[in-house]
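# Residue-level structure breakdown
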Amino acid sequence: MTDDATLDPGRLAERFGDRRVVVCVTGGIAVYKAATIVSRLAQAGADVRVIMTEPATRFVTPLTFQALSGRPVYTSPWQHIESDDPQHISLAASADAVVVAPCTMDCLARLATGRADDMVSLVLSAVDRETTPVLLAPAMNEVMWSQPATQRNVRMLHDDGYAFVGPAEGWQACRRVGPGRMAEPEEIVSALAGLIAG
Ligand SMILES: Cc1cc2nc3c(=O)[nH]c(=O)nc-3n(C[C@H](O)[C@H](O)[C@H](O)COP(=O)(O)O)c2cc1C
């Protein structure tokens, strides 16, 4: 899926300039890498809106993402920041592309079963994937990744029209080596660029 040509700064600006990209951050150890994704997208001229689950905010504070995106960060369905409409609907409808990075095992399960009970799954429940690509970047321990439930959820999400990048194989925060590590930020940005219509 990675299109190396889209890593060129000019091509990135062409793809992302004036596009609204929603970056959903869920609670895995790789949250710190999502900061690089937001920074790259902002540098490419995207209008970046960051949504965090409550667990994600325990790894990196919303302030980091607010500073990098230049926008308020959404952490609660109940706190309307910018819109008089239900904000999950306006965020979903105004997005040109959505990426979930890192995407936890639990988030995969929520999306596969059609849940909408946290800020990330709620916004994604309102995204029409026929018109708006949604890219998932799973990140978890190798045993969590190889669980039959996780693999079943991934297959269902493929069938439901979600796109995937990674996971990669390599060093994990739990000091093991194996599949489940989040794809690198550059690879995720490149995959997202490839999904956005030129
Ligand atoms: C230190 C720590 C690291 C974690 N890392 C991951 C991870 O890399 N991937 C994952 O799927 N879950 C990880 N978890 C578990 C999730 O945080 C937990 O399942 C949480 O409910 C996910 O919520 P969310 O998907 O709403 O963000 C970790 C938990 C802790 C305490």
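Further up the page is the structure itself.
Residues numbered from 1 in each chain as written. Predicted model: local features only at pLDDT ≥ 70, side-chain atom pairs only at ≥ 80, totals over all residues.

## Structural notes on the site of the ligand
Looking at the ligand, there are 16 residues lining it, with Thr 26, Gly 27, Gly 28, Thr 53 and Thr 104 nearest. Looking at the shell around the ligand, the elements that each hand over two or more residues are α3 (54-57) and α6 (105-112). Examining the composition of the shell around the ligand, we find that three residues originate from one element, α6, more than from any other. Of the residues that constitute the shell around the ligand, the class distribution is nine nonpolar, five polar and two charged. (Near = placed C-beta within 6 Å. Helix = DSSP H or I, 4+ residues; strand = E, 2+ residues; numbered from the N terminus. Nonpolar A, V, L, I, M, F, W, Y, C, P; charged D, E, K, R; others polar.)

## Section: the sheet that holds strand β5 (residues 163-164)
Spatially, five strands are ordered β2-β1-β3-β4-β5 in an open sheet, and the strand pairing comes out parallel. The open sheet has two edge strands with one neighbour each: β2 (47-52) and β5. Relative to β2, strand β1 (residues 20-25) runs parallel, the two being bridged by six bridges. Paired with Val 25 across the strands is Met 52, a residue of β2. (Pairing = 2+ DSSP bridges.)

## Details of unusual backbone geometry
The omega torsion of the bond from Ala 101 to Pro 102 falls at -5°, within 30 degrees of zero and hence cis. Mapped onto the secondary structure, Pro 102 falls in strand β3 (residues 97-103). Cis peptide bonds are those with omega within 30 degrees of zero, and the linkage from Gly 166 to Pro 167 qualifies with 5°. Looking at the element boundaries, Pro 167 is found in the loop between β5 and β6 (168-171). A positive phi is found at Asp 18, a non-glycine position, where the angle reads about 65°. For Asp 18, the location among the structural elements is in the loop between α1 (9-16) and β1. Residue classification places Asp 18 among the exposed positions, given that 9 C-beta atoms sit within 10 Å. (Buried ≥ 20, exposed ≤ 12 C-beta atoms within 10 Å, placed from the backbone.)

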